[in-house]
Amino acid sequence: MLWKHSVAALPLLLVVACGGAGDRSYSSPAAPPPPAEAMMKMAEPVYEEAADASGGEAGSPEISEQYIAYAHSVGMRLPVNAIEPTMQGHIAACNAAGPSVCIVTNSWLNAYSEDSVSASLNIRAAPDWIDRFLSGVEAEADAAKGEITNRQTTAEDLTVSIIDTGARLKAQQTLQERLQKLLADRPGELGDLLETERELARVNGEIDSLKSTLAALRQRVDMSQLSVSYETKINPVSQGALEPLGEAFGSFFYNLASAVAAVVTAFAVGLPWLLLLGALLWIWLRLIWPRIRKKKPGA
């Protein structure tokens, strides 16, 4: 019996031995892919990581922070002698805050006459600085014997743009790290290396562009825009109030000469037609009409 069981177990031992030998023959690792193929494969999961970095799945991101860009505009009507000092005071206050808090982007002043001046000032500043400016601008106008003509605030939501740009930047930076590691760890043929370097150069350029775009968007959020316009408040008894009447008297003779010139021009244009009509009327009355009357019976 023992001999029979040993003979029956012999095929099983042979099968196990063959299976073990076969397993050891295929346990060696596969050869690494060429650099070009690896470069194409590594770009596939990058955008999935970017979706996770943006706050969850690409279809329904969870936005934890809002990025709002504000733009403010103020109109001031001031006496003519208070426009330039007021604008210069605003510029000095902005410069005193420093470029990291307030920057003057544009300013101009036009003097049309002694009683008519207009000016404009454009500022980009931190929201706190602009809030302090707007809270005191009405009192400043009253102190200068002027008034505020208009105030407006507009808001633009840049949340989606900033999050999307940040996700794209993170994806390109991940791809940049992998390409750099590929060049360092897997030197291959010259063609593959050149292709990898070209792809790395493209990714570097895309990263620089995305960084500039993201910085510009964040600056619009961190520093709001303020536009201040200054116009002249006309005094009813000032020289400027009587200026239209003075201009009318000053141009009296000019207007009179222009009217006479228009009449002379019209007469000169119509005179040839008057002479022609007179000649035709004379011919009709002197030559044609008498003959017609003679031909009528009983004339």
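A short tour of the structure in this document, coming up.

**Some words on the pairing of strand β5 (residues 224-232)**
Both faces of the sheet carry side chains from a regular strand, because those side chains alternate between them.
Working step 1: The alternating pattern of β5 places Ser224, Leu226, Val228, Tyr230 and Thr232 on a buried face and Gln225, Ser227, Ser229 and Glu231 on a face that is not buried.
Working step 2: Sheet topology note: the strand β1 (residues 68-78)/β5 ladder contains eight bridges and is parallel. Across the sheet, residue Gly75 finds its bridge partner in β5, namely Ser229.
Working step 3: Relative to β5, strand β3 (residues 116-125) is paired through seven bridges, and the arrangement is antiparallel. Bridged to Ala125 within β5 is Ser224.

**Topic: the sheet that holds β3**
Working step 1: Read across the sheet, five strands follow the order β2-β3-β5-β1-β4 without closing on themselves; strand pairing throughout is mixed. Across the chains shown, the open sheet's two edge strands, defined by having one partner strand only, are β2 (102-113) and β4 (147-157). Strand-to-strand twist in this sheet, taken as the mean axis angle between neighbours without regard to direction, amounts to 10°.
Working step 2: Sheet contacts for helix α5 (residues 127-143): β1, β2, β3, β4 and β5; angle to β5, the most-contacted strand, approximately 20°.

**Overview of unusual backbone geometry**
Working step 1: The phi angle at Lys145 is positive, at roughly 60°, despite the residue not being glycine.
Working step 2: For Lys145, the location among the structural elements is in the loop between α5 and β4.
Working step 3: Residue class for Lys145 comes out exposed when judged on its relative accessible area of 64%.

**Thoughts on the packing of helix α4 (residues 80-97) against α5**
Working step 1: Put simply, α4 and α5 touch, their axes get as near as 13 Å, and they point 155° apart. Taken together, the axes of α4 and α5 are roughly antiparallel relative to one another. As α4 runs across α5, the sense of the crossing is right-handed. Only Trp129, Phe133 and Glu140 of α5 make contact with α4, whose side of the interface consists of Thr86, His90, Ala93, Cys94 and Ala97.
Working step 2: Residue composition of the contact of α4 with α5, grouped by class: five nonpolar, two polar and one charged.

**Describing the side chain of Ser120**
Working step 1: You can see Ser120 is positioned in strand β3.
Working step 2: Apart from residues lying up to four places away in sequence, Ser120 is in contact with Met87, Asn106, Ser107, Trp108, Val228, Ser229 and Tyr230.

**Notes on the state of the cysteines**
Working step 1: Following the criterion strictly, the structure yields one disulfide and no others.
Working step 2: For Cys94, the disulfide goes to Cys102, at an S-S distance of 1.9 Å. Classification of the bridge connecting Cys94 and Cys102 rests on its S-S torsion, roughly -105°, and on that basis the disulfide is left-handed. No difference in accessibility class separates Cys94 from Cys102, as the two residues are buried.

**A word on the nonpolar core**
Working step 1: Formed by 24 residues in total, the largest nonpolar core has its most connected members in Met76, Leu78, Ile123, Trp129, Leu226 and Tyr230.
Working step 2: For this core, the secondary structure elements donating two or more residues are β1, α4, β3, α5 and β5.
Working step 3: If one sorts the elements of this core by residue count, α5 sits on top with six residues.
Working step 4: Contact partners of Leu78, with chain neighbours within four places excluded, come to Ile83, Thr86, Ala141, Ala144, Gly146, Tyr230, Glu231, Thr232 and Lys233.
Working step 5: Core analysis: the second largest hydrophobic core is formed by 14 residues, Leu175, Ile207, Leu214 and Val221 among them.

**A word on the pattern of salt bridges**
Two side chains carrying opposite charge are able to pair once their charged atoms lie near each other.
Working step 1: Using the criterion set out here, one finds five salt bridges in the structure.
Working step 2: Arg77 is the salt-bridge partner of Glu147, the closest N and O atoms lying 2.7 Å from each other. Within this pair, whereas Glu147 is found in strand β4, its partner Arg77 is found in strand β1, the two being separated by 70 residues in sequence.
Working step 3: On the basis of relative accessibility, which here comes to 32%, the residue Glu147 falls in the partly exposed class.
Working step 4: Of the residues examined, Arg77 reaches a relative accessible area of 27% and is grouped as partly exposed.
Working step 5: Of the charged contacts in the structure, one is a salt bridge between Glu231 and Arg77, with a shortest N-O distance of 3.3 Å. With Glu231 in strand β5 and Arg77 in strand β1, the pair connects residues that are 154 residues apart, well separated along the chain.
Working step 6: By relative accessible area, which is 33% here, Glu231 ends up partly exposed.

About the thresholds
Residues numbered from 1 in each chain as written. Predicted model: local features only at pLDDT ≥ 70, side-chain atom pairs only at ≥ 80, totals over all residues. Heavy atoms only, no water. Buried < 20%, exposed > 50% of the residue type's maximum accessible area, 1.4 Å probe, protein only. Helix = DSSP H or I, 4+ residues; strand = E, 2+ residues; numbered from the N terminus. Pairing = 2+ DSSP bridges. Axes fitted to C-alpha atoms, helices over the stretch in contact; angles between N-to-C directions. Contact = heavy atoms within 4.5 Å. Parallel < 35°, antiparallel > 145°, perpendicular 65-115°, else oblique. Left-handed = near helix turned anticlockwise from the far one by under 90°. Nonpolar A, V, L, I, M, F, W, Y, C, P; charged D, E, K, R; others polar. Disulfide = S-S within 2.5 Å. Core = buried A, V, L, I, M, F, W, Y, C linked by side-chain atoms within 4.5 Å. Salt bridge = Lys/Arg side-chain N within 4 Å of Asp/Glu carboxyl O.

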